[in-house]
Amino acid sequence: MALTTVDREPGQFRNASPGLQALLLCVIAIVLMVLDHRNEYLTGVRKGLSVLLYPVDVLVSAPFDLGRALSESVSSRDTLQAENQHLREEALILSARLQRMAALQAENARLRALLDSTAKVGEDMLIAEIVSVDMNPFRNQIVVNRGGQDGVFVGQPVIDADGVVGQITRDRHYTAEAMLVTDIDHAVPVEIARNRLRTIAVGTGELDRLSLPFLPGNADIREGDLLITSGLGGKFPPGYPVASVRRINSITGQPFLQIDATPAAALNRMREVLLIKDEEP
Amino acid sequence: MARATRFWPALVTLAAAVAFEIMPLPEMLQTLRPPLPAMVLLYWVMMWPERFGLLTAFILGIVLDILHGQLLGQNALALCMVTYTMVRFHLQIRIFPLWQMTMTVFALLTLMTALQFVVEGMAGFGTIGLRRWPAVIFGTLLWQPVMALLDRVREQCETHTSNF
């Protein structure tokens, strides 16, 4: 093995002893972590590096996207017809519901006008697809194929057809990272649709379970109750379904109930999500 | 002067390991995903320490941090620590019997994972108990096949330069 290759390496850094190099780089890494964690100094740096690494995401997800596209294009005529039929029926039902919605909205606006409160405006949506790459396996995060260039901003609520998915945590310019409601560091203010009892739904790290740790033993909550966003906290607009209560466990001697809830959104099956373009902070 | 050893194939293996790291896997396999970038890096640091050293480790770490959406510097710190150990002892580790080398790799991967655990704990993120350790064990079990594969790549590169 040719050790003469050493003389092709320029620079002071490589000539330093490994111990010194290691010390220097570890200090740099720690400084980076501190700056990245507590402050927003490195947002621009991260964004720049993310843009540089965007091709990696594209290359890795390309075969998976291609596979899906192929399987769609070779699906049989019968399957397509059945799907078409199904979608048409669904569209009919939804548009029928929408007719009543228009009347209800008008009524709501009238009543609000009587109460002298401002009318809630309908939100604008941006459709995004989930990029087929995995992130940190210990966190519930996804990458969506819309970023700052499409008007995505940090803190933007993400929903799918069934309920709240999560929120945008980092803008990568062409794409964006989103944290799911089930992430262990995520909490969303909710209320029970039945009686407007307010509480907080906390993520557990499991894709099919949310936890409600702050309800006292005498709280009026039943299995099957629907939890919707309460709008408190200002991140999520009110009224979107978050989860339904799955199991209530009261432990004698403990002041709070242990409540598990099943997320309303199909967190492990979804392909497309909606970004709510409400009011930018 | 001898022609330099081709080293781009090593970079290709590193890139492939990074791609594997973010490749979508079924949910139940995700916690088993072996830390291939670290393993490939350790191999090249052990075999070609004059080419692949701490700077490579740092850059690779930053790349992984960005792709994983982790704290900038978290993987870089962990990889620098294990790479330093490898650089310091590469002459010994290189001539270890295979099982001893595998145990060394196990120790280094454990050190790396423990460092990440400590950093996340200090940063105040929620950490989930034992979920990160199966990947270390799975990575250790895969060390021998990975090393066999990389040995082939390295031999190709080195015979290429034998014409001095």
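Scope of this entry: the structure provided in the associated data block.

## A look at the packing of helix 2 (residues 36–47) of chain B against helix 5 (residues 98–123) of chain B
Residue and element names in this part refer to chain B. Running from amino to carboxyl end, helix 2 crosses helix 5 at an angle of 125°, the nearest separation of the two axes being 11 Å. As summarised for this structure, helix 2 and helix 5 are arranged oblique, according to the angle between their axes. With respect to the hand of their crossing, helix 2 and helix 5 are arranged in right-handed fashion. For the pair helix 2 and helix 5, contact is made by A38, M39, L42 and M46 and by M101, L108, L109 and M112, respectively. Along the lines of polarity and charge, the residues of the contact of helix 2 with helix 5 split into eight nonpolar, no polar and no charged.

## A few points about the side chain of T13(B)
Here T13(B) lies in helix 1 (residues 8–22). When residues no more than four places from it in sequence are discounted, the contact partners of T13(B) are V40(B), W44(B), L150(B) and V153(B).

## A word on the packing of aromatic side chains
Evaluated as defined, the whole model comprises six aromatic pairs over all chains. Between the aromatic rings of W44(B) and W48(B), the centroid separation amounts to 4.9 Å while the plane-to-plane angle is 35°, which identifies the pairing as tilted. An identical accessibility class is assigned to W44(B) and W48(B); each is buried. Both rings, one in W44(B) and one in F52(B), keep their centres 6.3 Å apart while their planes meet at 40°; by these two values the pair is tilted. Residue F52(B) is classed as buried on the basis of its relative accessible area, which comes to 2%. Directly above the aromatic system of F7(B) lies the positively charged group of R51(B), at a separation of 4.2 Å from the ring centroid. Taking the ring centre of F138(A) as reference, the NZ or CZ of R132(B) above it sits at 4.8 Å.

## Some words on unusual backbone geometry
Residues and elements named next belong to chain A. Phi at H173 takes a positive value of approximately 70°, unusual for a residue other than glycine. The topology assignment puts H173 in the loop between strand 4 (164–171) and strand 5 (176–180). Since its relative accessible area comes to 27%, H173 is described here as partly exposed. Its identity is not glycine, yet R196 carries a phi of approximately 60°, on the positive side. On the secondary structure map, R196 appears in the loop between strand 6 (187–192) and strand 7 (198–203). According to the relative accessible area criterion, R196 is exposed, its value standing at 57%.

About the cut-offs
- Residues numbered from 1 in each chain as written.
- Chains lettered and ligands numbered in written order.
- Predicted model: local features only at pLDDT ≥ 70, side-chain atom pairs only at ≥ 80, totals over all residues.
- Heavy atoms only, no water.
- Axes fitted to C-alpha atoms, helices over the stretch in contact; angles between N-to-C directions.
- Helix = DSSP H or I, 4+ residues; strand = E, 2+ residues; numbered from the N terminus.
- Parallel < 35°, antiparallel > 145°, perpendicular 65-115°, else oblique.
- Left-handed = near helix turned anticlockwise from the far one by under 90°.
- Contact = heavy atoms within 4.5 Å.
- Nonpolar A, V, L, I, M, F, W, Y, C, P; charged D, E, K, R; others polar.
- Phe/Tyr/Trp six-rings, centres within 6.5 Å; stacked < 30°, edge-to-face > 60°.
- Buried < 20%, exposed > 50% of the residue type's maximum accessible area, 1.4 Å probe, protein only.
- Lys NZ or Arg CZ within 6 Å of the ring centre and 35° of its normal.

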